[in-house]
Amino acid sequence: MIAEYYIIINELAGSGHGKVVWETVKPILEQRQIRFEYRISEYAGHTIRLASEYVKTIQRRPNVTPVILVIGGDGTLNEALNGIMQVPQDEQIPLAYIPGGSGNDFARGLGMATDPAIALAQVLNNMRPRLLNVGYFHETLKNEHRYFVNNVGLGFDAQIVDDTNRSKKKGRLGRWAYLSNMLAAYSQQEGFPLTVHVNRKRDYYKRAFLCTVSNIPYFGGGVKILPQANLHDDQLELIVVEEPHWWIILWLFILLLMGGRHLNSRFVHHYRNANLHLLVNSVEVGQMDGQIIGNRNYDLYLSTHPYPFWIDTSIHDHH
């Protein structure tokens, strides 16, 4: 079996990090005489179009495995997945990825190398497609069907994403910007009514503050919010934090840094299930894989869906 790569590059991911990664990867592909073609993603939403065009135009040939390879951040990977899923396929084209964003939570959740040359080796040395479970949601109020690789958040974490995206436009970057956006989001976010429906159990939170459903342990660029979340199983994890005093937030933050102890706190509610249903009857900001999905009410049904990936993480980073 020979793999042929159909590459989509978001050069602007991670404030230009995507371009640097591509400049590392491209010469290796040429030198190893790997068969590939590539497209540059030029605007928000472009990767969706490029990925679905690839699926429509790739010619199937015996003994050749076509692979769609994404170079960019979590948002780029999200767009590629959603683009692929727009086109019905008899046999799904495997998806490969080389992290080139700022957060790279998906790569971290999968155990990928951060070094682009080693990450490329994890793709090129792969021998067969491996099924991973990606997230899926149906939002009934707008009848939206979307796939996600990391998480969907309503409230606090979406507010941080919104503020971070805005401050990027102003050119403020880095950890301090993220921290200041966290404080800003804390002052902006008010408690909202949330109903969580799992199996036959219905929990109502009068003043939810943070509500994040995740398929991987991390969010916000390496914060280990749901340590048991796993790409290899069909379960999703949900964390709900009720509107707390500032000192509780500080306390939870310290527990979080201590590695997963925050889940034992009585202010934190933790769910793990293959199907989750969330209802929010107030206008809240929502995010999916670090992209804003609107400012509105939500009626969200969430589950997972298997998709073949072309990445072998048994090849490790030696630094």
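Our subject is the structure that appears above.
Heads up: these notes are all about the structure in this document. Everything quoted here is computed from the prediction, not taken from an experiment.

### Observations regarding the pattern of salt bridges
Applying the stated criterion across every chain, the model contains 16 salt bridges. Where Arg130 meets Asp312, a salt bridge forms, and the shortest distance between an N and an O atom there is 3.7 Å. Note that Arg130 is positioned in strand 5 (residues 130-139) and Asp312 in the segment after strand 15 (291-309), a separation of 182 residues in sequence. Since its relative accessible area comes to 12%, Asp312 is described here as buried. When salt bridges that share partners are traced, they join Glu139, Glu144, Arg146 and Arg296 into one network.

### Re the nonpolar core
Ranked by internal contacts, the top residues of the largest apolar core, which has 50 residues, are Tyr5, Ile68, Leu95, Ile98 and Phe106. If you tally residues by element for this core, the top one is strand 1 (residues 2-9), at six residues. The contact partners of Phe106, leaving out residues within four places of it in the chain, are Asp74, Leu77, Tyr97, Leu132, Val149, Asn150, Ile216, Leu231 and Phe309. The next biggest cluster of nonpolar side chains, apart from the first, holds 24 residues, and it includes Leu154, Val280, Tyr298 and Leu302.

### What about the packing of aromatic side chains?
Scanning the model with the defined rule gives ten aromatic pairs in all. Between the aromatic rings of Tyr6 and Tyr54, the centroid separation amounts to 5.4 Å while the plane-to-plane angle is 70°, which identifies the pairing as edge-to-face. Residue Tyr6 is found in strand 1, and its partner Tyr54 is found in helix 2 (residues 46-57); the two are separated by 48 residues along the sequence. Residues Tyr6 and Tyr54 agree in their burial class; the two are buried. Ring centres of Phe156 and Phe209 lie 4.8 Å apart, and the angle between their planes is 25°; this geometry places the pair in the stacked category. Placement of the pair is Phe156 in helix 6 (residues 156-169) and Phe209 in strand 9 (residues 201-214), with a sequence separation of 53 residues. For the pair shown, Phe156 and Phe209 are each scored as buried. The residue whose ring lies beneath Arg108 is Tyr218, and the NZ or CZ to ring-centre distance is 5.7 Å.

### What to know about the environment of Ile58
Along the chain, Ile58 falls in the loop between helix 2 and strand 3 (64-72). As a C-alpha pair, Ile58 and Arg166 span 108 residues in sequence and 37 Å in three-dimensional space. Among all residues touching Ile58, those that are not within four sequence positions of it are Tyr6, Pro66, Ile68 and Ile93.

### Points about the packing of helix 2 against helix 3 (residues 74-85)
Put simply, helix 2 and helix 3 touch, their axes get as near as 7 Å, and they point 40° apart. Looking at the two axes, helix 2 sits oblique to helix 3. Crossing geometry of helix 2 relative to helix 3 is assigned as right-handed. Facing helix 2, whose interface residues are His46, Thr47, Ile48, Ala51, Ser52 and Val55, helix 3 presents Thr76, Glu79, Ala80, Gly83 and Ile84. Residues that form the contact of helix 2 with helix 3 fall into these classes: five nonpolar, five polar and one charged.

### Quick word on the side chain of Asn78
With respect to the secondary-structure elements, Asn78 resides in helix 3. The buried category is assigned to Asn78, whose relative accessible area is 2%. Among residues more than four places away in sequence, those in contact with Asn78 are Tyr147, Phe148, Met288, Asp289 and Gln291.

### Examining the pairing of strand 5
Pairing of strand 5 with strand 15 involves ten bridges; the strand directions are antiparallel. In the sheet register, Glu139 faces strand 15, and the bridge partner there is Leu300. In this sheet, strand 6 (residues 144-148) lies alongside strand 5 in antiparallel orientation, the contact comprising five bridges. Each bridged residue has a counterpart across the sheet, and for His138 the counterpart in strand 6 is His145. In sequence, strand 5 turns back onto strand 6 through a hairpin of four residues, with Asn143 there showing a positive phi of about 45°.

### Describing the pairing of strand 4 (residues 95-99)
Within strand 4, five of the five residues are buried, which leaves the element mostly enclosed by the surrounding structure. Here strand 4 shows a buried face lined by Leu95, Tyr97 and Pro99 and a second buried face lined by Ala96 and Ile98. Direction of pairing for strand 3 relative to strand 4: parallel, over a ladder of five bridges. Looking at the pairing, Val70 lines up with Tyr97 of strand 4. Read as a crossover between parallel neighbours, the route from strand 3 over helix 3 to strand 4 is right-handed.

### So, a nonpolar patch on the surface
Together, Trp246, Trp247, Leu250, Trp251 and Ile254 give the surface a local cluster of nonpolar side chains, amounting to about 590 Å² of exposed area. Tracing the chain through its elements places Ile254 in helix 8 (residues 246-257).

Definitions and cut-offs
Throughout this document, residue positions are counted from 1 along each chain, in the order its sequence is written. Predicted model: local features are reported for residues with pLDDT of at least 70 only, side-chain atom pairs are reported and counted for 80 or more only, and whole-chain, interface and lining totals are derived from all residues. Side-chain metrics rest on all non-hydrogen atoms present in the structure, leaving aside hydrogens and water. In what follows, salt bridge is the name for a side-chain nitrogen of Lys or Arg lying within 4 Å of a carboxyl oxygen of Asp or Glu. Helical segments are the DSSP runs of H or I of at least four residues, strand segments are the runs of E of at least two, and each set is numbered from the N terminus. Buried means the residue's accessible area, taken with a 1.4 Å probe over protein chains only, is under 20% of the maximum for its type, while exposed means over 50%, and partly exposed covers the values in between. The nonpolar core is taken to be a set of buried Ala, Val, Leu, Ile, Met, Phe, Trp, Tyr and Cys residues, with the residues joined through side-chain atoms within 4.5 Å. Note on contacts: a residue pair qualifies if any of its non-hydrogen atoms lie within 4.5 Å across the two residues. Centre distance within 6.5 Å is the pairing criterion for rings of Phe, Tyr and Trp, where only the six-membered ring of Trp is used; planes under 30 degrees apart are then read as stacked, over 60 as edge-to-face, and the remainder as tilted. Put simply, a charge is over a ring when the Lys NZ or the Arg CZ is close to the ring centre, within 6 Å, and near the line of the ring normal, within 35 degrees. Between N-to-C directions, angles span 0 to 180 degrees; the directions come from axes that are lines fitted to C-alpha atoms, helices contributing only their stretch in contact. Throughout, the term roughly parallel applies to angles under 35 degrees, roughly antiparallel to angles over 145, roughly perpendicular to angles from 65 to 115, and oblique to all others. For any helix crossing, the convention is left-handed if the near helix is rotated counterclockwise from the far helix by under a right angle, and right-handed if that rotation is clockwise. Just so you know the grouping, Ala, Val, Leu, Ile, Met, Phe, Trp, Tyr, Cys and Pro go in nonpolar, Asp, Glu, Lys and Arg go in charged, and all remaining residues, Gly too, go in polar. Two strands make a pair as long as DSSP finds a minimum of two bridges between them. Note on handedness: a crossover is taken as right-handed if, strands pointing away from the viewer, the path from the first strand over the helix to the second is clockwise. Patch definition: residues with relative accessible area over 30% and no salt bridge; like charges joined within 9 Å; nonpolar side chains (Val, Leu, Ile, Met, Phe, Trp, Tyr) joined within 5 Å. Using the Shrake-Rupley algorithm and a 1.4 Å probe, accessible areas are obtained, with residue cover drawn only from the displayed protein chains.

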